[in-house]
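An overview of the molecular structure
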Amino acid sequence: MKSEIFREAIKSRSKVRFYYGLFEWVVEPYYISTDRNGNKVLYAKVSSSNEVKKFDFRKMANIKVFNDYKFSPVIPIIPIAS
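Reference entry: report on the structure contained in this document. (Residues numbered from 1 in each chain as written. Predicted model: local features only at pLDDT ≥ 70, side-chain atom pairs only at ≥ 80, totals over all residues. Heavy atoms only, no water.)

1. Looking at the packing of aromatic side chains
- For the coordinates displayed, the defined rule picks out seven aromatic pairs.
- Note on Phe6 and Phe57: the rings are 5.5 Å apart at their centroids and 55° apart in plane angle, and the pair reads as tilted. Note that Phe6 is positioned in helix α1 (residues 2-12) and Phe57 in the loop between β4 (52-56) and β5 (60-70), a separation of 51 residues in sequence. Across the pair, Phe57 and Phe6 agree in class, each one buried.
- Within the aromatic cluster, the residues linked to one another by ring pairs are Phe6, Phe18, Tyr20, Trp25, Phe55 and Phe57. (Phe/Tyr/Trp six-rings, centres within 6.5 Å; stacked < 30°, edge-to-face > 60°. Helix = DSSP H or I, 4+ residues; strand = E, 2+ residues; numbered from the N terminus. Buried < 20%, exposed > 50% of the residue type's maximum accessible area, 1.4 Å probe, protein only.)

2. What about the side chain of Lys45?
- Mapped onto the elements, Lys45 comes out in strand β3 (residues 40-46).
- With relative accessibility at 10%, the residue Lys45 sits in the buried group.
- A distance of 2.8 Å separates a polar atom in the side chain of Lys45 from the backbone oxygen of Ser49. (Polar contact = N/O pair within 3.5 Å; in protein donor to acceptor, adjacent residues only side chain to side chain.)

3. Remarks on the pairing of strand β2 (residues 23-34)
- Sheet topology note: the strand β1 (residues 14-20)/β2 ladder contains five bridges and is antiparallel. Each bridged residue has a counterpart across the sheet, and for Arg17 the counterpart in β2 is Val26.
- Linking β1 to β2, which pair antiparallel, is a turn of two residues; within it Gly21 sits at a positive phi near 70°.
- Where β2 lies against β3, seven bridges are found, and the strand directions are antiparallel. Each residue of the ladder has a partner; that of Ile32, found in β3, is Leu42. (Pairing = 2+ DSSP bridges.)

4. Focus on the sheet that holds β2
- Sheet architecture is open: five strands sit in the order β4-β3-β2-β1-β5, paired in antiparallel fashion. Every interior strand has two partners, whereas the edge strands, β4 and β5, have only one. For this sheet, the mean angle separating the axes of adjacent strands, direction not counted, is 45°.
- Relative to β2, α1 is tilted by about 90°, and along the sheet it contacts β1, β2, β3 and β5. (Axes fitted to C-alpha atoms, helices over the stretch in contact; angles between N-to-C directions. Contact = heavy atoms within 4.5 Å.)

Keep in mind these numbers describe shape, not what the thing actually does.
As structure tokens, then:
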């Protein structure tokens, strides 16, 4: 269920709000993956920040997709050493 919610949010570039532990987060979801232990995780950019964080699916609750708030992906450009 969570995977489908986040897949749709990533596809439509919609911001998402959820509770993670005791804190509420508003993020721009980018990528769903699994960590070294096989747990499903979401990589997302924290709104109003340049920080990309990893969130464990097991700790997420009360997920809400903001269909009215779209975002443009920010792709960091890493300079190539010459």
